[in-house]
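Secondary and tertiary structure notes
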Amino acid sequence: MGILDLFFPKACLECGKEGKYICESCLKKVRKVGFAKDKLSIFRYEGVIRKAIIALKYKYTTEVAKELADICVRNLKSTNLINKNYLLIPIPLHWHKQNVRGFNQAEEIGKLVAREMNWKYEPNLLIKKVSTKPQVGLKGSTRHENLKGVFSLSSNYSLITNRYPLILFDDVLTTGSTLSEASKTLRKAGVKRIFWLTIAK
Ligand SMILES: [Zn+2]
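Residues numbered from 1 in each chain as written. Predicted model: local features only at pLDDT ≥ 70, side-chain atom pairs only at ≥ 80, totals over all residues.

**Considerations on helix α4 (residues 61–76)**
Its 16 residues place the ends of α4 22 Å apart at the C-alpha level, agreeing with the 22 Å of an ideal helix rising 1.5 Å per residue. Inspection of α4 places Val64, Ala65, Glu67, Leu68, Ala69, Ile71 and Cys72 among the buried residues, and these make up the whole buried set. Taken together, the buried residues of α4 touch α2 (24–29), β2 (39–43), α3 (47–55), α5 (105–117) and β8 (194–200). (Helix = DSSP H or I, 4+ residues; strand = E, 2+ residues; numbered from the N terminus. Expected span 1.5 Å × (residues − 1). Buried ≥ 20, exposed ≤ 12 C-beta atoms within 10 Å, placed from the backbone. Contact = placed C-beta atoms within 7 Å.)

**Digging into the nonpolar core**
By size, the foremost hydrophobic cluster in this structure holds 50 residues, and its most contacted members are Ala52, Leu88 and Ile167. Secondary structure elements with two or more residues in this core: β2, α3, α4, β3 (87–90), α5, β7 (166–172), α8 (177–188) and β8. The element best represented in this core is α4, accounting for six residues. If near-sequence neighbours (up to four positions away) are discounted, Ala52 is found in contact with Leu13, Tyr21, Ile22, Val64, Glu67 and Leu68. (Core = buried A, V, L, I, M, F, W, Y, C linked by C-beta atoms within 7 Å.)

**Remarks on the sheet that holds β7**
Strand order in this open sheet of six strands is β1-β2-β8-β7-β3-β4, and the pairing throughout is mixed. Each end of this open sheet is capped by a strand with a single partner; those strands are β1 (32–36) and β4 (120–121). The sheet contact formed by β1 and β2 spans four bridges and is antiparallel. Bridging across to β2, Lys32 finds its partner in Phe43. Sitting on the sheet, α3 touches β2, β7 and β8, and the angle it makes with β8 is about 100°. (Pairing = 2+ DSSP bridges. Axes fitted to C-alpha atoms, helices over the stretch in contact; angles between N-to-C directions.)

**Description of the packing of α4 against α5**
Two quantities define a packed helix pair, namely the angle between the helix axes and the distance between the axes. Where α4 meets α5, the closest approach of the two axes is 9 Å, and the angle between their N-to-C directions is 45°. Classified by the angle their axes make, α4 and α5 are oblique. Handedness of the α4/α5 crossing: right-handed. Of α5, the residues touching α4 (which contributes Ala65, Lys66, Leu68, Ala69, Cys72, Val73 and Leu76) are Gln105, Glu108, Ile109, Leu112, Val113, Glu116 and Met117. Looking at the contact of α4 with α5 residue by residue, the class counts come to ten nonpolar, one polar and three charged. (Parallel < 35°, antiparallel > 145°, perpendicular 65-115°, else oblique. Left-handed = near helix turned anticlockwise from the far one by under 90°. Nonpolar A, V, L, I, M, F, W, Y, C, P; charged D, E, K, R; others polar.)

**Some words on the pairing of β8**
Counting buried residues in β8 gives five out of seven residues, a clear majority hidden from the surface. Once you follow β7 into α8 and on to β8, the crossover reads as right-handed. (Right-handed = clockwise from strand over helix to strand, strands pointing away.)

**Topic: unusual backbone geometry**
Phi at Lys37 is positive, roughly 55°, even though this residue is not glycine. Along the polypeptide, Lys37 turns up in the loop between β1 and β2. Classification of Lys37 by C-beta neighbours within 10 Å gives exposed; the count is 7. Not every positive phi belongs to a glycine, and Asn118 is a case in point at roughly 60°. Mapped onto the secondary structure, Asn118 falls in the loop between α5 and β4.

**A word on the environment of Ile127**
For Ile127, the location among the structural elements is in strand β5 (residues 126–128). By the C-beta count within 10 Å, which is 14 here, Ile127 ends up partly exposed.

**A few points about the environment of Gly110**
Within the fold, Gly110 resides in helix α5. Spatially, the C-alpha atoms of Gly110 and Pro90 are 6.1 Å apart, while their sequence positions differ by 20 residues. Setting aside its immediate chain neighbours within four residues, Gly110 contacts Leu88, Pro90, Tyr121 and Phe169.

**Quick word on the confidence of the model for the chain**
Averaged over every residue, the pLDDT of the chain is 84; the share at 70 or more is 79%. Across the chain, the secondary-structure element scoring lowest on mean pLDDT is helix α6 (residues 140–147), at 51, and the one scoring highest is α2, at 98. (pLDDT = per-residue confidence, 0-100.)

Structure, rendered in structure tokens:
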């Protein structure tokens, strides 16, 4: 329980019902997405899931992250990703939508999901190389170019890569440019099996 919970009773971010940030009835209204080749996005980026992901940027961070992680795990346990020796790598802090509290949601949620799924977890393999200045006002295409070469790998990558298939984890899949840049960096280093997992799309 965070200090904020003492002042604000926990309530659903969508309907306001007390108890949880993500209530079951609002969660049921969010459409599922599912597998597409080597990608899995669990939900559509809508409703209470969208509100929870946005809320992570501003408030109640750890509690919301825990609820989101639990929901991910519940959904993952019915897939063939269970009982496999994966290595989860969270995308480093988003340079284009920086969290005001310096909290990396992909890292926080990814850690909890990996623990529950018995996957390996490595937050320091992928490194964000350059400036973290948000590119406000730039068009998608320009931003795309700015992402090139944004990631590098830490020197211990050879110890880890190819021993396990990698799961690149992020909160939301939008254009996919962040995840594809990260994948390119990993492939260049010889990683063969890469799977994308996002909470929403
Ligand atoms: Zn609700």
